[in-house]
Amino acid sequence: MEFLKLLYFLSFLFLGVGANHADLEAYWKSELPNTPMPKAVRDLLKGGKLPERGNFRLKTYDDGCSFKHYCGNPTEDELHIDPKVKVFFLKMHLNRGSSMNMKFVESVKSPTAFLPRQVANSIPFSSKSVPEILNKYSLNPQSQDARIIKETIAECEVPAMKGEDKYCATSLESMVDFTTSKLGKDVLAISNEAQKTDPEVQKYGIVSVSKLNNNDKEIVSCHRQNYFYAVFYCHTTQNTDAYMVNLVGADGAKVKAVAVCHRDTSAWNPKHLAFQLLKVKPGTVPICHFLPEDHIVWVPKH
């Protein structure tokens, strides 16, 4: 079946979203019967939409590369980020009673849907297929949407860092399969749980901090990508600690947020935004950050 015909077929298929979502929920329960589905996944099953030819728009990230540890050469705008906002912070600041100026928003604004694995696997997803993808969607190769598609695919094709396994999951099933192949099926899947997402920065106080993983166990992080259906960039990380942090905003809003602290940053790009914002060098101190609303951390259960 041709790519375009397949997507038109899917647009009708997803008019019965409930049935498809039921299938994905059933798959999750069969593979991970003791793992509650995180909000980042539930939201995509509940509100995700399929693209239509000539009628979709990809939206840019709020914090771009700042959550990807392989990223370097920050832009001028990133270097002049509001100094009051804690994009990255040191481990010593992750304590009860500390406060930080932050905002909790989704990194990808487009309400895309998961495709069933058999459908996702039939759609080209490679740099060499970009011209075909743009042509099928009648996109100008010089447009912003085309640029985002190219960047997302190129990012997925970047070789993994030393000691890291990576995979771009184009379906929920493939994300679950990659993660369980690395961690087993006795896992926690965690994403932020905010009472509201607010683009305005405000002060949040830390109420409690609980560690989610053992020091000697690797974790898997899955970062939602900007694409016209749900794609997650997943990678294993070692020497990394994950925390569930309960916070309360100045306006009383409560947030359960996932924080990740990287104990070993010696292999990071020396020009990484974190080093420039915190004025530290690679490999010297643990560097922490909160995850955006639509990212997921997977950890083995204790």
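Structure first, text after, so check above.
On a predicted model such as this, the values are computed, not experimentally measured, just so you know.

**Q** Looking at this model, I keep getting lost on the overall build of the chain. Mind explaining?
**A** Regarding its fold elements, the chain presents nine helices and 12 strands. Long-range pairs, those at least 24 residues apart, make up 78% of the contacts in the chain between residues at least 6 apart in sequence. Approximately 14200 Å² of the chain is accessible, and the part contributed by carbon and sulfur atoms is 51%.

**Q** Looking at this structure, I do not really get the state of the cysteines. What am I missing?
**A** Formally, a disulfide is one covalent bond, and it connects the sulfur atom of one cysteine to the sulfur atom of another. Inspection of every chain in the model, using the stated rule, returns three disulfides. Residue pairing for cysteine 156: its cysteine sulfur links by disulfide to cysteine 168, the two sulfurs lying 1.9 Å apart. Its torsion about the S-S bond being -85°, the disulfide of cysteine 156 and cysteine 168 is classed as left-handed. Of this pair, cysteine 156 sits in helix H7 (residues 144-157) while cysteine 168 sits in strand S3 (residues 166-169), and the two are 12 residues apart along the sequence. Like cysteine 156, the residue cysteine 168 is buried in the burial classification. With a sulfur-sulfur separation of 2.1 Å, cysteine 261 is cross-linked through a disulfide to cysteine 288. Here the S-S torsion is close to 105°, and the disulfide linking cysteine 261 with cysteine 288 is therefore right-handed. Highlighted residues: cysteine 261 in strand S10 (residues 254-262) and cysteine 288 in strand S11 (residues 287-290), separated in sequence by 27 residues. An identical accessibility class is assigned to cysteine 261 and cysteine 288; each is buried.

**Q** Looking at this structure, how should I read the packing of aromatic side chains?
**A** For any pair of aromatic rings, the description rests on two quantities: the centre-to-centre distance and the angle between the ring planes. Tallying each qualifying case throughout the model produces nine aromatic pairs. Considering the side-chain rings of tyrosine 227 and tyrosine 229, the 5.2 Å spacing of their centres and the 85° angle between planes classify their relative orientation as edge-to-face. No difference in accessibility class separates tyrosine 227 from tyrosine 229, as the two residues are buried. Aromatic rings pair up to connect Phe125, Tyr227, Phe228 and Tyr229 into one cluster.

**Q** Please clarify how the sheet that holds strand S12 (residues 296-300) should be interpreted in this entry.
**A** What links the strands of a sheet is backbone hydrogen bonding, and the strands pair in either a parallel or an antiparallel sense. Read across the open sheet, the five strands follow the order S3-S8-S7-S12-S4; overall the sheet is antiparallel. With partners counted over all chains shown, the strands left at the sheet margins are S3 and strand S4 (187-190), one partner each. Put simply, the sheet's adjacent strands are angled 20° from each other on average, direction ignored. As paired elements, S4 and S12 share four bridges and run antiparallel to each other. Paired with isoleucine 190 across the bridge in S12 is valine 297.

**Q** Can you help me understand the pattern of salt bridges in this one?
**A** For side chains bearing opposite charge, pairing can occur when the charged atoms are close. In total, this model carries 10 salt bridges according to the counting rule given. The salt bridge involving arginine 224 is made with aspartate 294; its shortest N-O contact spans 3.5 Å. Of this pair, arginine 224 sits in strand S7 (residues 219-224) while aspartate 294 sits in the loop between S11 and S12, placing them 70 residues apart in sequence. Its salt-bridge partner being aspartate 241, residue arginine 263 comes within 2.6 Å of it at the nearest N-O pair.

**Q** Can you walk me through the environment of valine 245 in this structure?
**A** Here valine 245 shows up in strand S9 (residues 240-249). The sequence separation of valine 245 and leucine 94 amounts to 151 residues, and the corresponding C-alpha distance is 8.6 Å.

**Q** Looking at this structure, how should I read the nonpolar core?
**A** The nonpolar side chains of a soluble globular protein tend to be buried with one another. Ranked by size, the top nonpolar core spans 25 residues in total, and within it Trp28, Val41, Phe114, Met175, Ile296 and Trp298 carry the most contacts. For this core, the secondary-structure elements that each account for two or more residues are helix H2 (17-31), helix H3 (39-47), helix H8 (172-183), S4, S7, strand S8 (232-237) and S12. Among the elements that line this core, the one with the most residues is H8, at five residues. Each residue touching tryptophan 298, except ones within four places of it in the same chain, is listed here: Trp28, Leu32, Met175, Val176, Thr179, Leu183, Val187, Leu188, Ala189, Ile219, Val220 and Cys222. Counting residues in hydrophobic clusters, the runner-up holds 19 residues, among them Leu115, Val130, Cys156 and Tyr227.

**Q** Can you walk me through H7 in this structure?
**A** Residues lying three or four places apart along an α-helix face the same way, a consequence of the helix completing one turn every 3.6 residues. With 14 residues, H7 ought to run about 20 Å at 1.5 Å a step, and its terminal C-alpha atoms sit 20 Å apart, in line with that. Those residues of H7 that sit buried are Asp145, Ala146, Ile148, Ile149, Thr152, Ile153, Glu155 and Cys156. If you follow the buried residues of H7, they end up packed against helix H6 (130-136), S3 and S8.

**Q** Is there a simple way to think about the side chain of histidine 289 in this case?
**A** If you trace the backbone, histidine 289 turns up in strand S11. Among the polar contacts listed, one links the side chain of histidine 289 to the side chain of histidine 262, at a separation of 3.3 Å.

**Q** Teacher, can you tell me more about the pairing of S9 here?
**A** Working note: regular strand, side chains alternate between the two faces of the sheet. Most of S9 is tucked away, with eight of its 10 residues classed as buried. Relative to S9, strand S6 (residues 202-211) is paired through seven bridges, and the arrangement is antiparallel. Directly across from isoleucine 206, in S9, lies its bridge partner leucine 247. Where S9 meets S10, nine bridges bridge the pair, whose relative direction is antiparallel. By the bridge assignment for S10, leucine 247 is matched with valine 255. Hairpin remark: S9 followed by S10, antiparallel, with four residues in the connecting loop; positive phi at glycine 252, about 90°.

Rules and cut-offs
Here the residue index of a chain counts from 1 through its sequence in written order. This being a predicted model, a pLDDT of at least 70 is required before a residue's local features are given, and a value of 80 or more before pairs of side-chain atoms are given or counted; all residues contribute to the totals for chains, interfaces and linings. The side-chain quantities take in all heavy atoms of the structure and omit both hydrogens and water. Segments assigned H or I by DSSP are reported as helices when at least four residues long, segments assigned E as strands when at least two residues long, and all are numbered from the N terminus. Contact criterion: two residues are considered in contact whenever any of their non-hydrogen atoms come within 4.5 Å of each other. To measure how exposed things are, a 1.4 Å probe is used in the Shrake-Rupley method; for residues, cover is taken only from the protein chains shown. Any cysteine sulfur atom paired with another within 2.5 Å is treated as part of a disulfide. When a residue's accessible area, from a 1.4 Å probe over protein chains only, is under 20% of the maximum for its type it is buried; when over 50% it is exposed; and in between it is partly exposed. We call Phe, Tyr and Trp rings a pair once their centres come within 6.5 Å, taking the six-membered ring for Trp, and we label the pair stacked below 30 degrees between planes, edge-to-face above 60, and tilted otherwise. What makes two strands pair is DSSP finding at least two bridges between them. Axis lines are fitted to C-alpha atoms, over the contacting stretch for helices. Their N-to-C directions set the angle, which ranges from 0 to 180 degrees. Should a side-chain nitrogen of Lys or Arg be within 4 Å of a carboxyl oxygen of Asp or Glu, the pair is scored as a salt bridge. In this text, buried Ala, Val, Leu, Ile, Met, Phe, Trp, Tyr and Cys residues form a nonpolar core when linked through side-chain atoms within 4.5 Å. Working rule for helices: expected span equals 1.5 Å times residues minus one. Counted as a polar contact is a pair of N or O atoms within 3.5 Å, where, for protein atoms, one must be capable of donating a hydrogen and the other of accepting one, and residues adjacent in sequence contribute only when both atoms are in side chains.

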